[in-house]
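Chains, contacts and geometry: an overview
Here is what each chain is made of, one letter per residue.
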Amino acid sequence: MRNRIFGFIGVLWGGLSFVHHFTGQTHVAHNAAYTAGQNVSFIFSILLFGVGLYYLMFG
C-alpha cells in the first residue's frame, strides 16, 4: 500500500512539474548553469512520473 501512495505522489509531482515546464514562463538564461539546471529538472520530472506510474500500477 505504501508503494502505491508514493507512486501516486510521484505521478502527481512529476506530472505537475512536467506540465509547468511547458506552460510556465520561459526565461532566456544567459547563464549555462541555469540552463543546465532547467534541463536536469525536466529530465527528473519525466523520470519521477515514469517511476511513480510504475509503482502505482504494479506496486
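Scroll up to find the structure this text is about.
As a starting point, this report considers the structure included with it. A quick note: this is a predicted structure, and the numbers were derived from the prediction, not measured.

1. Comments concerning the environment of Ser17
With respect to the helices, strands and loops of the structure, Ser17 is situated in helix H1 (residues 2-23). Considering only alpha carbons, one finds Ser17 and Phe49, 32 residues apart in sequence, at a separation of 9.2 Å. Each residue touching Ser17, except ones within four places of it in the same chain, is listed here: Ser41 and Ser45.

2. Concerning H1
Between its terminal C-alpha atoms H1 stretches 31 Å, which fits the 32 Å expected from 22 residues at 1.5 Å a residue. Within H1 the residues assigned to the buried category are Gly7, Gly10, Val11, Gly14 and Gly15. Looking straight down H1, one finds its buried side chains confined to an arc of 120°; they lie on one side. Along H1, exposed side chains directed more than 90 degrees from the buried face belong to Arg2, Phe6, Trp13, Leu16, His20 and Thr23. Buried residues along H1 sit against helix H2 (32-58).

Cut-off values and rules
Along each chain, residues carry numbers from 1 onward, in the same order as the chain's sequence is written. The predicted origin of the model limits local features to residues at a pLDDT of at least 70 and limits the giving and counting of side-chain atom pairs to 80 or more, whereas totals for whole chains, interfaces and linings rest on all residues. Computation of side-chain values covers all heavy atoms of the structure but excludes hydrogens and water. Secondary structure follows DSSP: runs of H or I at least 4 residues long count as helices, runs of E at least 2 residues long count as strands, and numbering of each begins at the N terminus. Any two residues whose heavy atoms approach within 4.5 Å are treated as being in contact. One fewer than the residue count of a helix, multiplied by 1.5 Å, yields its expected span. Exposure categories follow from relative accessible area, calculated using a 1.4 Å probe and restricted to protein chains: below 20% of the type maximum is buried, above 50% is exposed, and the middle band is partly exposed. For this quantity, the arc is that covered by the directions from the helix axis to the C-beta atoms.

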